[in-house]
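Structural description and commentary
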4 protein chains.
Amino acid sequence: MKTPIIIDTDPGIDDVIAITAALFAKELDVKLITTVGGNVGIENTTTNAVNLVNFLGKDTPVARGADQPLLKKLVSAAKVHGESGVGGYHFEAKENRTLLSTKHAVEELRDAILYSNEPITLVPIGPLTNIALLLKTYPEVKSNIKEIVLMGGAAKGGNVTPVAEFNMFVDPHAAKIVFDEQISIVMCGLDVTLQTRISTDDIKEIAGHGKVGEMVSQMLSYYDSPSSTETEMSIHDLSTIFYLTRPELFTLKRATVNVVTEGEASGCTITHYNEEGNVQVGLDVDVEEFRREFIATFMKVYGMLGE
Amino acid sequence: MKTPIIIDTDPGIDDVIAITAALFAKELDVKLITTVGGNVGIENTTTNAVNLVNFLGKDTPVARGADQPLLKKLVSAAKVHGESGVGGYHFEAKENRTLLSTKHAVEELRDAILYSNEPITLVPIGPLTNIALLLKTYPEVKSNIKEIVLMGGAAKGGNVTPVAEFNMFVDPHAAKIVFDEQISIVMCGLDVTLQTRISTDDIKEIAGHGKVGEMVSQMLSYYDSPSSTETEMSIHDLSTIFYLTRPELFTLKRATVNVVTEGEASGCTITHYNEEGNVQVGLDVDVEEFRREFIATFMKVYGMLGE
Amino acid sequence: MKTPIIIDTDPGIDDVIAITAALFAKELDVKLITTVGGNVGIENTTTNAVNLVNFLGKDTPVARGADQPLLKKLVSAAKVHGESGVGGYHFEAKENRTLLSTKHAVEELRDAILYSNEPITLVPIGPLTNIALLLKTYPEVKSNIKEIVLMGGAAKGGNVTPVAEFNMFVDPHAAKIVFDEQISIVMCGLDVTLQTRISTDDIKEIAGHGKVGEMVSQMLSYYDSPSSTETEMSIHDLSTIFYLTRPELFTLKRATVNVVTEGEASGCTITHYNEEGNVQVGLDVDVEEFRREFIATFMKVYGMLGE
Amino acid sequence: MKTPIIIDTDPGIDDVIAITAALFAKELDVKLITTVGGNVGIENTTTNAVNLVNFLGKDTPVARGADQPLLKKLVSAAKVHGESGVGGYHFEAKENRTLLSTKHAVEELRDAILYSNEPITLVPIGPLTNIALLLKTYPEVKSNIKEIVLMGGAAKGGNVTPVAEFNMFVDPHAAKIVFDEQISIVMCGLDVTLQTRISTDDIKEIAGHGKVGEMVSQMLSYYDSPSSTETEMSIHDLSTIFYLTRPELFTLKRATVNVVTEGEASGCTITHYNEEGNVQVGLDVDVEEFRREFIATFMKVYGMLGE
Ligand SMILES: [Ca+2]
Ligand SMILES: [Ca+2]
Ligand SMILES: [Ca+2]
Ligand SMILES: [Ca+2]
């Protein structure tokens with residue numbers, strides 16, 4: 001049976017790739033996509049999510065969420081992802097906004113979780129604002145969340161600051177709320193995502209293969225994250241999806257994670273390893289297999305779309 | 001025309017008195033009562049609100065809100081208000097839960113504000129958790145909020161700690177969210193509420209007058225706040241209602257208020273006086289007139305109930 | 001017998017007045033004056049201290065101390081005290097630097113305390129940098145300190161920020177070090193110093209009386225503290241000296257005082273009243289008697305100088 | 001010409017090994033050893049330093065410094081180093097306290113630096129309390145400090161907490177003071193010291209060789225740091241000395257380092273790489289050559305002592 005998941009996202013180039021991989025994964029059933037301000041503002045992240053689902057020919061509902069972090073002002077990453085969030089890429093015209101819910105992401109999350117027959121896996125790949133609002137407003141959802149598999153944080157180091165990863169830095173209070181709840185969390189942070197580097201050669205392999213291959217390769221030609229080199233880049237958010245489809249690639253260690261909310265270390269995820277911790281921190285990954293999976297995923301999409 | 005208000009509350013003895021005064025004030029139209037964890041937990045504050053409205057023969061809807069503060073664990077004030085929140089008082093039997101909404105306080109707040117023909121005055125007299133969740137989830141409500149008249153904070157001093165008032169201390173992050181929004185706020189903090197002291201003699205004047213007079217006097221015989229003496233006590237939350245019905249009793253000064261969220265000064269409302277500030281801080285009050293108003297209010301209730 | 005005291009100071013107009021009062025008080029024996037950066041930089045505060053002692057015809061040794069606070073950059077109060085620290089006042093020419101020790105204030109403090117036959121009373125009327133360095137480098141002095149009578153802090157409110165008094169705000173880490181030691185402290189903070197207001201009429205009474213009366217009146221004509229009005233001003237530092245000579249004027253309450261060192265409440269002196277506290281906080285003062293004492297003091301100086 | 005250095009230390013087993021290496025290094029002239037509370041209290045660290053110098057037949061002066069950190073209470077590491085600080089080791093009897101200065105470490109540091117013909121290299125291998133007190137009390141020493149080569153901090157990770165190294169954690173305020181001064185600093189933190197692991201086989205090589213080999217091997221048989229395994233251990237403080245004698249083994253990167261002083265990240269050294277930074281952070285080391293140097297050092301000591 002497919003694992004029912006909900007993706008909370010701020011697309012974002014790596015978000016687009018992760019969502020695409022998820023929507024075509026035979027192991028996953030994407031029930032809902034919710035958007036949040038992060039890489040770019042909520043207008044753009046929502047438009048990108050809707051456009052992507054349309055472009056891929058899917059009908060996954062999308063719901064717009066919070067624009068601003070709980071207490072801080074939004075610090076976006078437009079430098080990495082372009083003003084629109086998807087580099088210079090333009091999705092094919094046929095705009096279909098019927099996917100877009102008239103309800104707020106937090107309400108759609110509540111309903112999708114509460115009305116699901118099986119426990120839902122939440123996959124947040126942006127700042128955790130929506131998830132925090134959800135857990136504080138409707139704590140009853142916790143009993144039907146299987147686990148949270150998120151991209152964010154780092155046991156060691158950071159990317160926006162020397163000690164803070166972007167998603168944690170943007171809304172540290174939301175992150176603290178989420179990590180402090182006694183929910184099972186898998187944390188795909190910089191410790192793994194900086195290892196899972198895709199090369200320009202890898203991208204070339206999929207570039208010629210259909211409109212999705214083309215989209216991915218065009219967006220990645222723009223993607224200018226601090227961890228990119230001329231020949232390699234980290235597609236951070238994708239780790240969450242590959243963790244769900246190929247968990248054996250990842251080495252995890254159990255911990256309690258405390259998020260710093262104030263001062264110069266704001267957004268730092270202080271990782272205390274201990275066997276009772278509610279967080280499984282991704283520490284290692286089979287990089288070669290990850291790359292093969294990347295290529296295989298998009299070749300499979302090419303086949304499925306029958307272009 | 002009556003001023004449409006919504007009371008967000010954690011009853012609480014002084015909350016009960018404030019709500020009662022509001023429900024019988026000819027100047028006010030209480031559209032909704034929402035509850036929050038604070039003086040006691042959400043179960044009790046909600047039950048108390050419903051029981052009170054029933055007891056008073058009103059049909060104001062009540063909606064249950066957040067139990068726990070955003071980031072901190074709830075620190076209640078059961079020592080002041082009793083385990084149930086209303087001292088040893090028991091409301092008459094006929095429990096009527098039909099007043100209680102099946103929707104969350106945050107959704108009821110959104111609907112009541114968005115669907116109101118005239119801008120709504122919010123009257124939070126507990127921790128600001130619900131209001132913060134509302135403003136972050138549904139920022140569109142801001143355009144139909146006239147002002148927020150709240151009990152909380154202090155320009156100088158505190159009651160839970162030397163620098164923090166209870167409602168701010170319980171959820172300083174929510175308070176910071178609310179004060180940082182550019183909404184017009186009237187802050188009835190300790191600067192005024194510690195002045196507006198009611199004496200045991202005042203209470204005796206209303207004690208014999210009907211079931212409401214009896215309720216008030218019984219509850220206040222229990223009320224054991226740190227600012228009470230043997231003969232006088234501050235009924236903090238009542239200042240918000242009297243500000244709305246008798247604004248001329250209060251002296252206000254415009255300021256910007258920054259709430260401290262971390263460290264030993266957590267919950268401190270740092271009050272920078274300036275003419276562009278969005279907060280009007282209550283600094284003085286006509287104490288004698290306040291007392292007369294207290295007695296007059298409950299004598300009028302006695303008359304209206306026709307006992 | 002005279003009480004042996006050491007004044008640690010950042011003159012500063014009110015420092016000059018306090019030092020003058022101390023040097024002529026029959027109850028006090030000023031063993032040493034040490035200087036610190038505060039109202040203005042260390043060069044000026046040291047020059048002012050030396051010039052003042054010369055001007056008064058005394059031979060109290062002066063030792064130069066720390067220029068910069070422990071962790072923060074110096075924020076001076078040149079706006080209140082003028083660039084030089086003593087308004088536009090110029091001391092008579094004969095500069096005599098022989099009073100100035102070649103040793104650092106911290107070493108002179110150590111020696112003066114350790115070699116004193118009776119326990120010393122420390123009177124810090126500037127930021128507490130020197131005192132903190134002393135206590136951390138030479139903790140053995142503690143056994144020969146009788147008490148610390150300081151100007152600084154506030155049980156309620158502030159003057160540089162809404163919650164911080166100047167001396168605490170300038171070096172909150174030093175203040176925390178001093179208050180956390182288990183030394184007996186008398187805190188003359190804004191709670192008393194804002195009460196002890198001297199009027200322009202009071203000043204006129206001493207203005208015509210000798211060179212000291214002239215100096216005091218000239219300096220105060222410049223003094224432009226935030227708590228001054230056109231007709232009244234607080235001479236903050238003087239409270240420490242009058243506490244030592246006329247303790248019966250002051251009402252104190254025992255407390256533990258925690259100094260906030262970080263964030264927007266930095267410099268706030270959180271005052272927890274309790275009978276085991278090491279701090280006696282000045283809360284009230286006989287204002288009329290304080291004014292009389294002010295005039296009497298400088299009339300007495302006039303008489304003693306025989307002009 | 002030999003490099004004149006001063007070691008500020010809290011011996012501590014790895015301190016003992018570092019001091020020994022320094023005292024016999026032909027490249028170094030150890031002018032002074034100052035002690036500080038850290039691994040164990042000041043009584044023990046001072047006794048250990050004096051005993052060690054005697055034991056090695058040297059006459060380097062020792063001066064006792066601060067026992068307690070500036071603002072925090074001392075958190076020692078007696079679990080790692082034993083109650084005495086040197087495991088179960090007992091130095092040969094002839095106690096000679098004449099090496100011990102009657103002056104405080106801070107004064108001896110000042111004199112040794114100011115009176116030196118050539119600029120001094122400071123080598124702090126404990127908490128930075130003494131160095132902070134020195135720089136704040138006698139800032140004039142800065143002009144005759146060549147550089148500070150210290151053990152402490154980490155660009156990534158920690159050992160006492162997930163983000164703080166021991167020496168920084170014990171006195172973060174002192175660390176912040178030192179790193180904020182514009183002095184050239186070489187930071188040998190966990191990034192290198194966790195790499196420079198010595199094996200039990202390495203230790204066996206020196207164990208039979210004279211009293212110093214015996215001392216080192218006995219102490220290390222006790223040494224139980226969190227980074228030790230059954231067969232390998234990090235002798236953290238030694239990196240500073242080997243950096244001075246064999247700088248070519250180390251790879252450094254220039255940065256600005258901000259020390260967190262409050263909250264759960266207290267002691268974290270936030271490392272912002274930039275070419276104008278005053279800190280050179282050790283990031284890599286030639287581990288094999290380091291091991292060879294370890295063995296060669298103690299074999300040379302054996303030869304020099306002519307046992
Ligand atoms: Ca993302
Ligand atoms: Ca209340
Ligand atoms: Ca002063
Ligand atoms: Ca050490």
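Thresholds, definitions, all that
The numbers attached to residues start from 1 for each chain and follow its sequence in the written order. The naming scheme follows written order: chains are lettered A onward, ligands numbered 1 onward. Residues qualify for local features only when their pLDDT is at least 70, as the model is predicted, and side-chain atom pairs are given and counted only at 80 or more; totals for whole chains, interfaces and linings, by contrast, use all residues. Side-chain measures here rest on the full set of heavy atoms in the structure, leaving out hydrogens and waters. Each helix is a run of H or I in the DSSP string that is no shorter than four residues. Each strand is a run of E no shorter than two, and both are numbered from the N terminus. Computation of the radius of gyration draws on C-alpha atoms alone. For the globule rule, the value is 2.2 Å times the number of residues to the power 0.38. Each residue is assigned to one of three classes by its accessible area relative to the maximum for its type, calculated with a 1.4 Å probe on protein chains only: buried under 20%, partly exposed between the two thresholds, exposed over 50%. The protein chains shown are the only cover counted for residues, whose accessible areas, like all others here, come from Shrake-Rupley with a 1.4 Å probe. When charges are counted, Lys and Arg are positive and Asp and Glu negative, with His and the chain ends excluded. Positions of charges follow a simple convention, taking NZ of Lys, CZ of Arg, CG of Asp or CD of Glu. Here a donor is an N, O or S atom found within 2.8 Å of the metal, or within 3.2 Å if the metal is Na, K or Ca; sites may look incomplete because water is not among the atoms. By definition, two strands form a pair when at least two bridges between them are found by DSSP. Lines are fitted to the C-alpha atoms to define the axes, a helix being fitted only along its stretch in contact, and any angle between axes, read from their N-to-C directions, falls within 0 to 180 degrees. In what follows, a contact means two residues having at least one pair of non-hydrogen atoms within 4.5 Å. Accessible surface is computed with a 1.4 Å probe, and the buried area is the amount of it that two parts give up when combined, taken over both parts together. Polar contacts, as used here, are pairs of N or O atoms within 3.5 Å; protein pairs need one atom able to donate a hydrogen and one able to accept it. Residues neighboring in sequence count only if both atoms are side-chain atoms. Each residue is assigned to one of three groups, with Ala, Val, Leu, Ile, Met, Phe, Trp, Tyr, Cys and Pro labelled nonpolar, Asp, Glu, Lys and Arg labelled charged, and all others, Gly among them, labelled polar. The copies were overlaid with a least-squares fit restricted to C-alpha atoms from residues scoring a pLDDT of at least 70 in each copy. It is the directions from the helix axis to the C-beta atoms whose arc is reported. Salt bridge, as applied in this entry: a Lys or Arg side-chain nitrogen positioned within 4 Å of an Asp or Glu carboxyl oxygen. Each angle gets one of four labels, with under 35 degrees taken as roughly parallel, over 145 as roughly antiparallel, 65 to 115 as roughly perpendicular, and the rest as oblique. Stacked, edge-to-face and tilted labels apply to pairs of Phe, Tyr and Trp rings (six-membered ring for Trp) whose centres lie within 6.5 Å, assigned for plane angles under 30 degrees, over 60, and everything in between, in that order. Counted as over-ring charges are cases with an Arg CZ or a Lys NZ within 6 Å of the ring centre that also lie within 35 degrees of the ring normal. We call a pair of cysteine sulfur atoms a disulfide whenever their separation is within 2.5 Å.

Under an unreviewed UniProt entry, the name given to chain A is Ribonucleoside hydrolase RihC, and the source organism is Sporosarcina koreensis.

Considering the overall build of chain A
Across its full length, chain A carries 12 helices and 11 strands. Taken over the C-alpha trace, chain A has a radius of gyration of 18 Å; the compact-globule value for 307 residues is 19 Å, and the two agree within 12%. Projected onto its principal axes, the C-alpha coordinates of chain A cover approximately 50 × 40 × 40 Å. The buried share of chain A, reckoned over its 307 residues, is 65%. Only carbon and sulfur atoms are counted for the fraction: they give 49% of the accessible area of chain A, which is about 10700 Å². Taken as two groups, the 26 positive and 42 negative side-chain charges of chain A have centres that lie 3 Å from each other.

Some details on the coordination of the calcium ion (ligand 4)
Residues and elements named next belong to chain D. On the protein side, the calcium ion (ligand 4) has Asp10 (OD), Asp15 (OD), Asp15 (OD), Ile125 (O) and Asp237 (OD) as donor atoms, found 2.2 to 2.5 Å from it. The motif formed by the donor residues of the calcium ion (ligand 4), counted along the single chain, is D-x4-D-x109-I-x111-D. Separated by 115 residues along the polypeptide, Asp10 in the loop between strand E1 (3–9) and helix H1 (13–23) and Ile125 in the loop between strand E4 (120–124) and helix H5 (129–137) bring together distant segments of the chain. Each member of the pair, Asp10 as well as Ile125, is classed as buried.

As for the sheet that holds strand E5 (residues 145–151) of chain B
All names here are of chain B. Judged by pairing direction, the sheet is mixed, and its nine strands sit side by side in the order E3-E2-E1-E4-E5-E6-E11-E9-E10 without closing on themselves. Since the sheet does not close on itself, it has two edges, and those belong to strand E3 (62–64) and strand E10 (269–273), each with one partner. Neighbour-to-neighbour, the strand axes of this sheet turn through a mean angle of 30°, independent of strand direction. The pairing of strand E6 (residues 185–188) with strand E11 (residues 279–285) spans three bridges and is parallel. Residue pairing in the sheet places Val186 in a bridge with Gln280 of E11. Sheet contacts for helix H7 (residues 172–180): E5, E6, strand E9 (250–259) and E11; angle to E9, the most-contacted strand, approximately 115°.

A look at the interface of chain B and chain C
Chain B puts 12 residues into the contact, and the matching count from chain C is 12 residues. Buried area between chain B and chain C, both sides added, is near 1100 Å², and the carbon and sulfur share of it is 68%. Interface area lost by chain B to chain C is led by Pro162, Glu264 and Ile270 of chain B, which between them contribute 45%. Between the two partners, chain B and chain C, sit four residue pairs in polar contact (both at pLDDT 80 or more). Looking at which element gives the most residues to the side of chain B that touches chain C, the answer is E10 of chain B, with three residues. The residue makeup of the side of chain B that touches chain C, split by class, is six nonpolar, four polar and two charged.

Some details on the relation of the copies chain B and chain C
For these two chain copies, the linking operation is a rotation about an axis paired with a shift along it. Overlay of chain B on chain C (RMSD 0.0 Å): rotation 180°, translation along the axis 0.0 Å. Each copy turns onto its partner about a two-fold axis. Relative to the rotation axis, the C-alpha of Lys156 of chain B is the closest in chain B, positioned 2.9 Å from it. Most of the interface of chain B is mirrored in chain C, where 100% of its interface residues again form contacts.

Some remarks on helix H9 (residues 200–207) of chain B
Residue and element names in this part refer to chain B. For H9, the full list of buried residues reads Asp202, Ile203, Ile206 and Ala207. Seen end-on, H9 carries its buried residues on one side only, within an arc spanning 140°. In H9, those exposed residues whose orientation departs by more than 90 degrees from the buried face are Asp201 and Lys204. Among the structural elements, strand E7 (197–199), helix H10 (210–222), strand E8 (232–234) and helix H12 (287–305) are those in contact with the buried residues of H9.

Here we look at the side chain of Asp191 of chain A
Among the secondary structure elements, Asp191 of chain A is positioned in helix H8 (residues 190–193). Buried within the structure, Asp191 of chain A lacks any salt-bridge partner; Lys156 of chain D is the closest side chain of opposite charge, at an N-O distance of 6.8 Å. In terms of polar contacts, Asp191 of chain A uses its side chain to reach the backbone amide nitrogen of Lys156 of chain A, at 3.2 Å. Asp191 of chain A has contacts with Ala154, Ala155, Lys156, Val281, Gly282 and Leu283 of chain A, leaving out every residue within four places of it along the chain.

Side note on the interface of chain A and chain B
You'll often see interface size given as the accessible area lost when the parts meet. Residue-level contacts link 18 residues of chain A with 18 residues of chain B. The tally of links between chain A and chain B comes to two salt bridges. For Glu107 of chain B, the salt bridge is made with Arg110 of chain A, and the minimal N-O distance between the two is 2.7 Å. Inspection of the region where chain A meets chain B yields 12 residue pairs in polar contact (both at pLDDT 80 or more). When residues of the side of chain A that touches chain B are traced back to their parent elements, those giving at least two are helix H4 (105–114), helix H5 (129–137) and helix H7 (172–180) of chain A. Considered class by class, the residues forming the side of chain A that touches chain B number eight nonpolar, five polar and five charged.

Quick notes on the coordination of the calcium ion (ligand 2)
Residue and element names in this part refer to chain B. On the protein side, the calcium ion (ligand 2) has Asp10 (OD), Asp15 (OD), Asp15 (OD), Ile125 (O) and Asp237 (OD) as donor atoms, found 2.1 to 2.6 Å from it. Taken in sequence order, the residues that donate to the calcium ion (ligand 2) follow the motif D-x4-D-x109-I-x111-D. With a gap of 222 residues between them, Asp15 in helix H1 (residues 13–23) and Asp237 in the loop between E8 and helix H11 (238–245) connect regions that are remote in the sequence. Neither residue differs from the other here; Asp15 and Asp237 are each classed as buried.

Regarding the pattern of salt bridges
What the rule picks out here adds up to 68 salt bridges over all chains. Here the residues in one salt-bridge network are Lys103, Glu107, Arg110 and Asp111 of chain A together with Lys103, Glu107, Arg110 and Asp111 of chain B, joined through shared partners.

A few points about the packing of helix H10 (residues 210–222) of chain D against helix H12 (residues 287–305) of chain D
All names here are of chain D. Running from amino to carboxyl end, H10 crosses H12 at an angle of 140°, the nearest separation of the two axes being 7 Å. With respect to their mutual orientation, H10 and H12 come out oblique. From H10, Gly210, Lys211, Val212, Val216 and Leu220 reach across to H12, where they touch Phe294, Phe298, Val301, Tyr302 and Leu305.

Some thoughts on the sheet that holds strand E11 (residues 279–285) of chain A
Residues and elements named next belong to chain A. Reading across from one edge, E3-E2-E1-E4-E5-E6-E11-E9-E10 is the order of the nine strands in this open sheet, with mixed pairing throughout. The two strands at the open ends of the sheet, each matched to only one other strand, are strand E3 (62–64) and strand E10 (269–273). On average, each strand axis in the sheet is tilted by 30° relative to the strand beside it, whichever way the strands run. Relative to strand E4 (residues 120–124), strand E1 (residues 3–9) runs parallel, the two being bridged by four bridges. What sits directly across from Ile5, in E4, is Thr121. Running over the sheet, H4 touches E1, strand E2 (28–35), E3, E4 and strand E5 (145–151) and is turned about 155° from E2. Sitting on the sheet, H7 touches E5, strand E6 (185–188), strand E9 (250–259) and E11, and the angle it makes with E9 is about 115°.

Describing the arrangement of the chains
Nothing in chain A touches chain C; the tightest C-alpha to C-alpha distance between them is still 8 Å. Kept free of each other, chain B and chain D leave a smallest C-alpha distance of 8 Å between them.

Some thoughts on the relation of the copies chain A and chain B
Mapping chain A onto chain B is achieved by rotating through 180° and translating by 0.0 Å along the same axis, at an RMSD of 0.0 Å. Residue by residue, 100% of the interface of chain A is reproduced at the interface of chain B, so both copies engage with the same surface.

A short note on the packing of aromatic side chains
If you walk through the whole model with that rule in mind, you get 24 aromatic pairs over all chains. Ring centres of Phe55 of chain D and Tyr89 of chain D lie 6.3 Å apart, and the angle between their planes is 80°; this geometry places the pair in the edge-to-face category. Residue Phe55 of chain D is found in helix H2 (residues 42–55), and its partner Tyr89 of chain D is found in the loop between helix H3 (78–81) and helix H4 (105–114); the two are separated by 34 residues along the sequence. Grouping aromatic residues by their ring pairs yields a cluster made of Phe55, Tyr89 and Phe91 of chain A. Its guanidinium or amino end placed over the ring of Phe24 of chain A, Lys58 of chain A lies 4.3 Å from that ring's centre, counting from NZ or CZ.

Let's talk about the state of the cysteines
As enumerated under the stated definition, the model contains zero disulfides over all chains in all. A disulfide-free cysteine, Cys188 of chain A has its sulfur positioned 18 Å from the sulfur of Cys268 of chain A, the nearest such atom. For Cys268 of chain B, which is in no disulfide, the shortest distance to another cysteine sulfur is to Cys268 of chain C and amounts to 5.7 Å. For Cys268 of chain B, a relative accessible area of 4% corresponds to the buried category.

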